[in-house]
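Each chain is listed here by its residues.
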Amino acid sequence: MEDEPVLGPANVGLYAATAACWAEVLTTTPQGRATRVAVETPEGISEWPVAGHARELASLKPGDRVVALLDPADRGLYLVHALADADEPPRAALERRPDGSYLLRGGHGGIRLEVAGAELELGADGTVRIDAEAVETRARGEYRIRGARVAIN
């Protein structure tokens, strides 16, 4: 049947999920972890508890569509992937390069890192903003500051 959401057994490492399916998030915790999802089957819509999330899965909200694996013991669904809306821009992606370094791509927007009140923001317009209690810079070699205009205080 073409509308059948169950794709069949899926091999997941040492374990085998009994089915993979599309699901819609119904409820979440304040931190964005889904707690219940709805799955449409030929028999109708059924609600399922969420047994776990993939580590890479971003914060979810009710209405988000996800890909889920059914626990072989029928204890719930494991959410492994969230589907983007048609008009949703790509999310930032972290890429590990062959030399061991990492590249964080911000897509169409800026990137902001926040830790304990300190912020580092790389703007989509090419600006860099640091907001912190203290900022320390060091150089083992030459230290250059260049700009069309340099302003201090």
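The model shown is predicted, which means the values in this text are computed figures rather than measured ones.

Caption draft 1: Structural view of the environment of Ser59. Assignment of secondary structure puts Ser59 in the loop between β5 (44-53) and β6 (65-70). Ser59 sits 30 residues away from Thr29 along the chain, and the two C-alpha atoms are 9.6 Å apart. Apart from the residues lying within four places of it in its own chain, the contact partners of Ser59 are Gln31, Gly32 and Asp64.

Caption draft 2: Region of interest: the nonpolar core. Val25, Ala34, Val37, Leu60, Val66, Leu77 and Leu79 are the most contacted members of the largest nonpolar core, which has 15 residues in total. Sorting the residues of this core by element identifies β3 (20-28), β4 (34-41), β6 and β7 (77-82) as the ones contributing at least two each.

Caption draft 3: A look at the pairing of strand β11 (residues 118-122). Both strand β10 (residues 111-115) and β11 contribute to a ladder of 5 bridges, which runs antiparallel. Note that in β11 the partner of Leu113 across the bridge is Leu120. The antiparallel hairpin formed by β10 and β11 contains 2 residues in its connecting segment, where Ala116 sits at a positive phi of about 45 degrees. Where β11 folds back on strand β12 (residues 128-131), the antiparallel hairpin that results is connected by 5 residues, among which Gly126 adopts a positive phi of roughly 95 degrees.

Caption draft 4: Expanded view of the sheet that holds β11. Pairing is antiparallel in the open sheet, where 3 strands are placed in the order β10-β11-β12. On the outer flanks of this sheet lie β10 and β12, each paired with one strand and no other. Neighbour-to-neighbour, the strand axes of the sheet open up by a mean angle of 5 degrees, direction not taken into account.

Caption draft 5: Region of the structure containing the pattern of salt bridges. One pass over the full model with this rule turns up 9 salt bridges. The salt bridge involving Asp64 is made with Lys61; its shortest N-O contact spans 2.9 Å. A residue is classified by how much of its surface remains accessible, and Asp64, at 12% relative accessible area, is buried. Glu119 is the partner of Arg112 in a salt bridge, and the nearest nitrogen-oxygen pair spans 2.8 Å. Given the relative accessible area of 44%, Arg112 is considered partly exposed. Several salt bridges share partner residues, and in doing so they unite Arg112, Glu114, Glu119, Glu121, Arg129 and Asp131 into one network.

Calculation criteria
- Residues numbered from 1 in each chain as written.
- Predicted model: local features only at pLDDT ≥ 70, side-chain atom pairs only at ≥ 80, totals over all residues.
- Heavy atoms only, no water.
- Helix = DSSP H or I, 4+ residues; strand = E, 2+ residues; numbered from the N terminus.
- Contact = heavy atoms within 4.5 Å.
- Core = buried A, V, L, I, M, F, W, Y, C linked by side-chain atoms within 4.5 Å.
- Buried < 20%, exposed > 50% of the residue type's maximum accessible area, 1.4 Å probe, protein only.
- Pairing = 2+ DSSP bridges.
- Axes fitted to C-alpha atoms, helices over the stretch in contact; angles between N-to-C directions.
- Salt bridge = Lys/Arg side-chain N within 4 Å of Asp/Glu carboxyl O.

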